[in-house]
Each structure stands twice: as C-alpha cells, then as structure tokens.
Amino acid sequence: QVQLVESGGGLVHPGGSLRLSCAASGGTFSTYTMGWFRQAPGKDREFVAAIEWSAYTVYADSVKGRFTISRDYAKNTVYLQMNSLKPDDTAVYFCAADQPPYGSLWFKSNYDYWGQGTQVTVSA
C-alpha cells in the first residue's frame, strides 16, 4: 500500500552534514505523521525525529539543535537535515509513516510503514 524509499546516506567526517530524503508513494502523504529512526550495530532502533501532518516537529534530545526534519507536500517527501555530525550518529537511518489514527510520535511501534534504511557513517 505505502512505499517509503530513503536516500542521501553516506560517509562524512565529524562536524560535517548530510541530508536524508524519504520519498513516499501509494498513500495520502499529507495525512501521515512521518518519523526518522536509527539503528547502530548491536543496538535497538531508536527515535530521532518526527513531523506531523500539521508540520509540528519533535526531536530526540541527542539530536536537538543539530538535526532538522521537514516535509515537502508537493513532492511527498520528508527530509532530515543533519548538521554537526558525531561518530555516535553512525547508524542505519529509517524512514517511517504513521497513518491515522495517530499514535505517539516517539515510539516505533506506532508507525505503520518503514523504508529499507540508508547508512550514515561519521568517521575521521
């Protein structure tokens, strides 16, 4: 029904920047809550940021002030701008969509659809 495709990951030095994109298809993007999660090797998938249909945003404390989530309704795409990257940001980043009725933006169990992930590596 809904497909999510992430792109934009790669290798960056500490202090650098990347912008991740997530293109959505097969649903009504304007009604979704969209989230970004990440998973490092040997760790659980954790919340990074989310944006409601209303453009209200929420961030994990670990990325607040460095990352910005946004959405382009015309392109059915959500973005994650990542600045001042740290080695601890290294992970596979996943895009997720929550259709109505909405759950909490913080918990991965509330999201209905997931992308395949894109690797972000921060290394000197």
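See the structure shown above.
What comes next concerns the included structure. (Residues numbered from 1 in each chain as written. Predicted model: local features only at pLDDT ≥ 70, side-chain atom pairs only at ≥ 80, totals over all residues. Heavy atoms only, no water.)

**Considerations on the pairing of strand 4 (residues 33-39)**
Link 1 in the chain: Across the seven residues that make up strand 4, a large majority, six, are buried.
Link 2 in the chain: Alignment of strand 4 against strand 9 (residues 91-98), held across seven bridges, turns out to be antiparallel. Bridging from a neighbouring strand, Phe37 pairs with Phe94 of strand 9.
Link 3 in the chain: Sheet analysis places strand 4 next to strand 5 (residues 46-51), joined by five bridges and oriented antiparallel. If you follow Arg38 over to strand 5, its bridge partner there is Glu46. (Buried < 20%, exposed > 50% of the residue type's maximum accessible area, 1.4 Å probe, protein only. Helix = DSSP H or I, 4+ residues; strand = E, 2+ residues; numbered from the N terminus. Pairing = 2+ DSSP bridges.)

**So, unusual backbone geometry**
Link 1 in the chain: Residue Pro101 is bonded to the preceding Pro100 through a cis peptide linkage, with omega at 0 degrees.
Link 2 in the chain: Counting through the fold element by element, Pro101 comes out in the loop between strand 9 and strand 10 (113-114).
Link 3 in the chain: Positive phi, normally seen in glycine, also occurs at Asn76, with a value near 50 degrees.
Link 4 in the chain: Residue position: Asn76 is located in the loop between strand 7 (67-72) and strand 8 (77-82).
Link 5 in the chain: A relative accessible area of 28% means that Asn76 is categorised as partly exposed.
Link 6 in the chain: Of note in the backbone geometry, Ser84 takes a positive phi value of approximately 50 degrees without being a glycine.
Link 7 in the chain: Considering the arrangement of structural elements, one finds Ser84 in the loop between strand 8 and strand 9.

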